[in-house]
Amino acid sequence: ELALAAQEALGEKVGAAATLGNIGLVHERLGNWAEAMSAYGRALTQQEALRDHAGAAKTLSNIGNVQYALGDNEKALLTYERALLSLESLGDKAGAAQTLGNIGLVHSRLGNYAKALSTLERALTTQQGLGDKASAALTLSNIGSVHYAMQDNEKALSAKERALAILEALGERGRAAGTLADIG
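Below or above, wherever it landed, is the structure these notes cover. (Residues numbered from 1 in each chain as written. Predicted model: local features only at pLDDT ≥ 70, side-chain atom pairs only at ≥ 80, totals over all residues. Heavy atoms only, no water.)

### Describing the overall build of the protein
Then step 1. Counting secondary structure elements, the protein contains 10 helices and 0 strands.
Then step 2. Sequence-ordered secondary structure for the protein, helices as α and strands as β, is α-α-α-α-α-α-α-α-α-α.
Then step 3. Referenced to the eigenvectors of the C-alpha coordinate spread, the extents of the protein come out at roughly 60 × 35 × 30 Å.
Then step 4. Expressed as a percentage of its 184 residues, the buried residues of the protein come to 40%.
Then step 5. In the protein, the proportion of contacts linking residues at least 24 apart, taken out of those at least 6 apart, comes to 41%.
Then step 6. As presented, the protein carries roughly 9,800 Å² of accessible surface, and 54% of it is formed by carbon and sulfur atoms. (Helix = DSSP H or I, 4+ residues; strand = E, 2+ residues; numbered from the N terminus. Buried < 20%, exposed > 50% of the residue type's maximum accessible area, 1.4 Å probe, protein only. Contact = heavy atoms within 4.5 Å. Areas by Shrake-Rupley, 256 points an atom, 1.4 Å probe, with all protein chains shown as cover.)

Rendered as structure tokens:
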């Protein structure tokens, strides 16, 4: 808050917008949803006024995360799709892949399993193309969860085992243990 006040006093608009995004992130992590949405909303307004498309896309993704956490799935889906368009137009493949993963989770929560799988597969393909093994493992685990929800245990197990192998190779013991627990 002090950094924000100083930036605003100095007329440092780009820094103030970024700081508002960081304040929103802190509130999001603490579960202070209203405060997070307020800070993200202010950040987005400033980023759009400054034509900071990359910052606005990141903020939109964060707003989608809060909406998802609150169970407002339809709004989260629209927000994530708006962020995805921006990220793709900016050529931000990693950000687009992460947002595709989030869109897949929303579709899964809504029971749109075929759409969830196709979206998660798009995210996985991009992550693999970027060599982002940690994100690919998370996406594979999410694909496995969708298959479980569809009662396709063989495909679910295959996806979870692929995720587990990646996590073990990366030395991600905590995440590997969680994936192993999912497998049973």
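### Let's talk about unusual backbone geometry
Then step 1. Even without being glycine, Arg 51 reaches a positive phi, approximately 60°.
Then step 2. Relative to the elements of secondary structure, Arg 51 occurs in the loop between α3 (33-49) and α4 (53-69).
Then step 3. We classify Arg 51 as exposed; its relative accessible area is 66%.

### Quick look at the packing of aromatic side chains
Then step 1. Here the structure, examined in full by the defined rule, presents 0 aromatic pairs.
Then step 2. Lying across the ring of Tyr 68, Arg 109 places its NZ or CZ 3.6 Å from the centre. (Phe/Tyr/Trp six-rings, centres within 6.5 Å; stacked < 30°, edge-to-face > 60°. Lys NZ or Arg CZ within 6 Å of the ring centre and 35° of its normal.)

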